Amino acid sequence: MEVVVLGSGSPLPDPHRAGPATLVRTKAGDLLFDCGRGVLMRAAAAGTSAGALVGLFVTHLHSDHVTDLNDVVTMRWATSFEPAPLPVFGPAGTAGLVAATEACLEWDIRYRLAHHADLTWRPTAEVTEIEAGVVFERGEVRVTAAPTDHSPVRPTVGFRVDEGSRSVVIAGDTVPCAGLDDLCAGADVLVHTAVRRDLIEQIGLPRLLDVLDYHSSVPDVAQTAARNGVATVVLTHLVPAPGPGSEGEWREQARARFGGDVVVAEDLTRIDVAPR
Ligand SMILES: [Zn+2]
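Residues numbered from 1 in each chain as written. Predicted model: local features only at pLDDT ≥ 70, side-chain atom pairs only at ≥ 80, totals over all residues. Heavy atoms only, no water.

Student: Please provide a residue-by-residue account of the layout of surface pockets, values included.
Tutor: As a volume, the largest pocket reaches approximately 310 Å³. In terms of lining, the largest pocket is formed by 16 residues, of which the most central are Pro11, Arg207, Val211, Tyr214 and His215. For the lining of the largest pocket, the secondary structure elements donating two or more residues are α2 (63-66), α8 (206-209) and β12 (232-239). Its residues placed into classes, the lining of the largest pocket shows seven nonpolar, six polar and three charged. By volume, the second largest pocket amounts to about 160 Å³. (1 Å grid on protein atoms, 1.4 Å probe; cavity = no way out; pocket = protein on both sides within 12 Å on 5 of 7 lines; lining within 4 Å. Points joined across faces, edges and corners; volume = space filled by probe spheres on them. Helix = DSSP H or I, 4+ residues; strand = E, 2+ residues; numbered from the N terminus. Nonpolar A, V, L, I, M, F, W, Y, C, P; charged D, E, K, R; others polar.)

See the structure below:
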């Protein structure tokens, strides 16, 4: 199993960081978690595509996590040689978002159907709205969801991918909570949104200060990992984006509370989760 951070950025456009998205490459195929800005450009760099996905898993419906859903839907369809419904798993509201996305693409769908004689089917998705429990199972690969706490944004979920004895957790945006602890128990890798409370308080802008009450700070993430026996933490969705050479500060803040490996993600950071 392999984790590739496709987008390590936040809602703010950044020349070097795409929006939130994480690829987990498994024996069952490529699983995509969230689909923020630029996801398919980074997927191409990682050697995959919308057509290769066996599942899209959405943590919540904040725009930065689903900005490029339209691109995933369109590219999966327009490059297909037979109908290939996109399997989508996400919290309540996901089906409506997918339907609305397809609706906003209606003119494009008409143009392409009229123009390409060999394209005779419309884009389709198989959406499963989920709350908790096993949501995907294929061979030895299993994806489990649990509710997280990104209040007042509700509902939100985190995911855990198990392949054999190895495991990866995708926390999404959340403060420390019981649902996330359940997912993290003994996990090999935890990919977690992280914000720098110290820097945000220094900057002091009200709209930026608002992010503090519904995201985990770096020490919060580290404590979640330590409490649950996680081996490696991957800090992503970094707010504010680290300035050149400042990644070490993020690592130190995490290491003060967590004895395992700490990775400060960049786009296309890869973590090998080899079989034991
Ligand atoms: Zn969010």
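Student: Go over the sheet that holds strand β11 (residues 189-195), please, and point to the residues and values.
Tutor: Pairing within the open sheet is mixed, and its seven strands lie in the order β7-β8-β9-β10-β11-β12-β13. One side of each edge strand has no neighbouring strand; the edge strands of this open sheet are β7 (133-138) and β13 (261-264). With direction set aside, neighbouring strand axes in the sheet form an average angle of 20 degrees. Packed onto the sheet, helix α9 (residues 218-227) meets β11 and β12 and runs at close to 160 degrees relative to β11. Strand contacts of helix α10 (residues 247-255): β11, β12 and β13, with the helix running at about 150 degrees to β13, the strand carrying the most contacts. (Pairing = 2+ DSSP bridges. Axes fitted to C-alpha atoms, helices over the stretch in contact; angles between N-to-C directions. Contact = heavy atoms within 4.5 Å.)

Student: I'd like a description of the side chain of Thr269, backed by residues and values.
Tutor: Structurally, the position occupied by Thr269 is in the loop between β13 and β14 (270-272). On the basis of relative accessible area, Thr269 is assigned to the buried category, the value being 16%. Contacts of Thr269, omitting those with residues within four sequence positions, involve Val3, Val4, Val5 and Val263. (Buried < 20%, exposed > 50% of the residue type's maximum accessible area, 1.4 Å probe, protein only.)

Student: Please give an account of the packing of aromatic side chains that cites residues and values.
Tutor: Geometrically, a pair of aromatic rings is defined through the distance of the ring centres and the angle of the planes. If you walk through the whole model with that rule in mind, you get seven aromatic pairs. Seen from their ring centres, Phe33 and Phe159 are 5.6 Å apart, and the 55 degrees between their planes marks the pair as tilted. Placement of the pair is Phe33 in strand β3 (residues 29-33) and Phe159 in strand β9 (residues 157-163), with a sequence separation of 126 residues. Residue Phe33 is classed as buried on the basis of its relative accessible area, which comes to 1%. Ring geometry for Phe57 and Phe89: centres 4.8 Å apart, planes at 10 degrees, overall stacked. With Phe57 in strand β4 (residues 53-57) and Phe89 in strand β5 (residues 86-90), this pair connects stretches of sequence that are 32 residues apart. With respect to burial, Phe57 and Phe89 carry one shared label: buried. Its guanidinium or amino end placed over the ring of Trp107, Arg110 lies 4.6 Å from that ring's centre, counting from NZ or CZ. (Phe/Tyr/Trp six-rings, centres within 6.5 Å; stacked < 30°, edge-to-face > 60°. Lys NZ or Arg CZ within 6 Å of the ring centre and 35° of its normal.)

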